[in-house]
Amino acid sequence: MARLPTPQVRIVEVGPRDGLQSIKDAISTETKIQFIQKLHRAGLRAIELTSVVSPHRVPQLADCQQVLAHPATKGLLAESKNLRLPVLVPNTKGLDVALSHGVKEVAVFISATEGFSKANINSTVQQGIERARRVARKAIDSGIAVRGYVSCIFVDPYNGRTEPSSVLRCAKELLDMGCYEVSLGDTTGAGTPAKVTSLIRYLERGGIPLDRLAGHFHDTHGQGTVNVLQAYLCGIRVFDASAGGLGGCPFAPGAKGNVSTEDLVFMFHNAGINTGVNLAELVETGKWITERLRQPGSRSSQTKQFQSREQKLRLPTFRSMLHVKQSWPRSKPTKHIHIHQSGHDIKIVLDQPKSGNALTKSMISELTNCFKTHNSNPCISRIILTGTGRYFCAGLDMPKRNGFTSSQTQFDDLMQLFETIDQSPKTVIACLNGHARGAGAALAFVCKRRIIVKGAAIELGETRRKTLPGFVYRYTRLGWNGSMSVLSARPINGSELKILGLVGEIVDGQEELWIKLETSTSGKGVLEQVPVPTAKKLIQAEPC
């Protein structure tokens, strides 16, 4: 059996515990077991089973021991180490119950605020920390993994705004007591992308490693999914979610359901980010549980005709495309670029791989003249811009010994090139064969469409001029206060770019780059010859 690729994002399914705990009508133990089994079959490998809590406090989970003792649960607990099945425990007494049923992982929780801590566990924040520490110490001594939760990271329903310093304190305490991961809980759903970014950066500056954090967002104000997106862009790779968007905390008035697992998986899969989850089966599971409970369900489960990403993106294989006749004759090359034509398509190739296709003054001039020529050609419908080597374009190649006047002239020429591409009546497509940096990133963004190979990244980087990043923001139609701010801080990969809507497709390599270009457009031009040795052995171009 083929080994599945390692998920790039880990989803922790909290439906059987957090999703069900606030539902008033009693749910049978058998329904809960079926729910867990369906989630497992859908590919989820981290499922929070239940919580060993007082039946008077949370009546819906009064059958926690029956759930843990069920043969189906026992079978899952005996499964491979790749399966995580945490059980939430409030104290050492609950831990003892979990241990007696063979549980291999537990979760402890504390609140960042006094008001919610009092309402939830009838203790102060400090008392909650001490209680969680006793549980964690005993669990670790028993060989049990411990996960930590911090509640009310943005707003407490009783005290109002949460201080970031309180969240930092709680996260440090949980890590210090041995938790392998800390889930940041937006219990009231008050988070926004700006708040998410601010808190994560604050925690990072405070010494909390991003790979030890998870996001747990509620959808009270419809911000759950975008908050997950923003947390992902900040570097978080683990997210809690509930199938069907079920949930809400019984001790947080007004708090609504968790972010939907289906909606998260749909978002990530359409950005080319692997979660290891079968989306079609997950949607069916969400529909099944919400219909059973007479709940509205997630947005994905309400879609009339749903198809999984795998069904939608049935692309022809590269081998099946080899029979397509090729006709990309090369025109007389200039010093720095090569120009190919096939029917109504023009391909411009930056061909200075040793310098990363960095833009010299003469290369900028050649590109500008080339675009001007083809912009006015009524026989051309698409202009494709790509490069050779590891880089699409490494930025500006500034003269080392020339003065400001030469640099200023080169920069002005670059702006003229950008304007020429932007005003082109043709469909200009950047096929990013590799990394793009600085002015090279701006060159990609000024094109109308972008396709990128997996593993390539875009980086604005530091520039001596503020005009260049301002130009990029203009052509991406995003403001500095939005997710675009991420681009100025670090390299951003294809998956993140697709989530932001800045690239249309991600492909495995240069061979697939041209297949995707052809299958994702309505143009009738044939596939071009792939400019790599392996592809040349496979395809013999036919001259016009």
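Residues numbered from 1 in each chain as written. Predicted model: local features only at pLDDT ≥ 70, side-chain atom pairs only at ≥ 80, totals over all residues. Heavy atoms only, no water.

Visitor: Can you help me understand the environment of I23 in this one?
Guide: Structurally, I23 can be placed in the loop between helix 1 (15-19) and helix 2 (29-41). Overall, I23 belongs to the buried group, its relative accessible area being 14%. Along the chain, I23 and L246 lie 223 residues apart, while their C-alpha atoms are 8.9 Å from each other. (Helix = DSSP H or I, 4+ residues; strand = E, 2+ residues; numbered from the N terminus. Buried < 20%, exposed > 50% of the residue type's maximum accessible area, 1.4 Å probe, protein only.)

Visitor: Before we go on, may I ask you to explain the nonpolar core in this structure?
Guide: Soluble globular proteins tend to pack their nonpolar side chains together in the buried interior. The biggest cluster of nonpolar side chains holds 139 residues, and the ones touching the most others in it are V106, F239, F268, I348, L367 and F392. At seven residues, helix 16 (residues 439-446) tops the list of elements feeding residues into this core. Split by domain, the residues of this core number at least three in each of domain 1 (10-292 + 316-320) and domain 2 (324-521). Ranked by size, the runner-up nonpolar core spans 10 residues in total, among them V14, L88, F109 and Y149. (Core = buried A, V, L, I, M, F, W, Y, C linked by side-chain atoms within 4.5 Å. Domains from an automatic or database assignment.)

Visitor: Could you clarify how one ought to interpret helix 2 in this entry?
Guide: Think of an α-helix as turning once every 3.6 residues; residues three or four places apart then point the same way. For helix 2, with 13 residues, the first-to-last C-alpha span of 19 Å sits near the 18 Å given by 1.5 Å per residue. Every buried residue of helix 2 is accounted for by T31, K32, I33, F35, I36, L39 and H40. Turning to helix 2, the residues buried within the fold contact strand 1 (10-13), helix 1, helix 3 (64-69), helix 4 (71-77) and helix 12 (279-293). Count one or two residues on from helix 2 and you reach G43, which has phi positive near 105 degrees. (Expected span 1.5 Å × (residues − 1). Contact = heavy atoms within 4.5 Å.)

Visitor: It is not clear to me how the environment of I429 should be interpreted in this structure. Could you clarify?
Guide: Looking at where I429 falls in the secondary structure, it is placed in strand 14 (residues 427-432). With a relative accessible area of 0%, I429 lands in the buried category. A C-alpha to C-alpha distance of 6.0 Å links I429 and K448, two positions 19 residues apart in sequence.

Visitor: So what exactly am I meant to see when it comes to the packing of aromatic side chains here?
Guide: Both the distance between ring centres and the angle between the ring planes are used here to describe each pair of aromatic rings. The tally for this structure, following the rule as stated, stands at two aromatic pairs. On the basis of an interplanar angle of 55 degrees and a centroid distance of 5.5 Å, the ring pair of Y232 and F268 is categorised as tilted. Here the residue Y232 occupies a position in helix 10 (residues 224-234), and F268 occupies one in helix 11 (residues 261-269), the gap between them amounting to 36 residues. Note on Y232: relative accessible area 3%, which makes it buried. On the basis of relative accessible area, F268 is assigned to the buried category, the value being 0%. Following the ring pairs from residue to residue traces out a cluster consisting of Y232, F239 and F268. Here the basic side chain of R84 rests over the ring of Y180, its NZ or CZ set 4.3 Å away from the ring centre. Looking at R147, its charged tip hangs above the ring of Y149, at a distance of 5.5 Å from the centre. (Phe/Tyr/Trp six-rings, centres within 6.5 Å; stacked < 30°, edge-to-face > 60°. Lys NZ or Arg CZ within 6 Å of the ring centre and 35° of its normal.)

Visitor: Quick question: what am I supposed to make of the pattern of salt bridges here?
Guide: Side-chain pairs of opposite charge can arise where the charged atoms are in close proximity. On inspection of all chains with the given rule, the structure shows 16 salt bridges. Linking E48 and R17 is a salt bridge whose minimum nitrogen-to-oxygen distance equals 2.9 Å. Taken together, the residues E48 in the loop between helix 2 and helix 3 and R17 in helix 1 connect sequence positions 31 residues apart. For R17, a relative accessible area of 6% translates into the label buried. For the salt bridge of D508 with K454, the shortest nitrogen-to-oxygen distance reads 3.1 Å. Here D508 is found in the loop between strand 19 (505-507) and helix 19 (510-519), whereas its partner K454 is found in the loop between strand 16 (449-453) and strand 17 (457-459), with 54 residues between them in sequence. (Salt bridge = Lys/Arg side-chain N within 4 Å of Asp/Glu carboxyl O.)

Visitor: Sorry if this is basic, but what is going on with the sheet that holds strand 10 (residues 337-342) here?
Guide: Neighbouring strands of a sheet are bound in pairs by backbone hydrogen bonds; such pairs are parallel or else antiparallel. With mixed pairing, the six strands of this open sheet are ordered in space as 10-11-12-14-16-19. Of all strands in the sheet, those bounded by a partner on one side alone are strand 10 and strand 19. Looking at each pair of strands side by side, their axes are set apart by 20 degrees on average, direction ignored. In the sheet, strand 16 pairs with strand 19 via three bridges, with the strands oriented parallel. Pairing of I452 across the sheet is with I506, part of strand 19. (Pairing = 2+ DSSP bridges. Axes fitted to C-alpha atoms, helices over the stretch in contact; angles between N-to-C directions.)

Visitor: Could you clarify how one ought to interpret the packing of helix 8 (residues 164-176) against helix 9 (residues 193-205) in this entry?
Guide: Packed helices, taken two at a time, are described by the angle between their axes plus the distance between the axes. The geometry of helix 8 relative to helix 9 is characterised by a closest axis approach of 10 Å and an angle of 50 degrees between their N-to-C directions. Between helix 8 and helix 9, the angle falls in the class oblique. Helix-helix and strand crossings are classified by hand; for helix 8 and helix 9 the assignment is right-handed. For the pair helix 8 and helix 9, the contacting residues are P164, S165, V167 and L168 in the first and L199, Y202 and L203 in the second. Grouping the constituent residues of the contact of helix 8 with helix 9 by class yields six nonpolar, one polar and no charged. (Parallel < 35°, antiparallel > 145°, perpendicular 65-115°, else oblique. Left-handed = near helix turned anticlockwise from the far one by under 90°. Nonpolar A, V, L, I, M, F, W, Y, C, P; charged D, E, K, R; others polar.)

Visitor: It is not clear to me how the pairing of strand 8 (residues 213-217) should be interpreted in this structure. Could you clarify?
Guide: A regular strand places its side chains on the two faces of the sheet in alternate fashion. With five of its five residues buried, strand 8 lies for the most part within the structure. Burial along strand 8 is two-sided: L213, G215 and F217 facing one way and A214 and H216 facing the other are all buried. Pairing of strand 7 (residues 181-186) with strand 8 involves five bridges; the strand directions are parallel. Residue pairing for strand 8: D186 is matched across the bridge by F217. With helix 9 bridging strand 7 and its parallel neighbour strand 8, the resulting β-α-β unit is right-handed. As paired strands, strand 8 and strand 9 (residues 238-241) are joined by two bridges and run parallel to one another. Among the inter-strand pairings, H216 is bridged to a residue of strand 9, identified as D240. (Right-handed = clockwise from strand over helix to strand, strands pointing away.)

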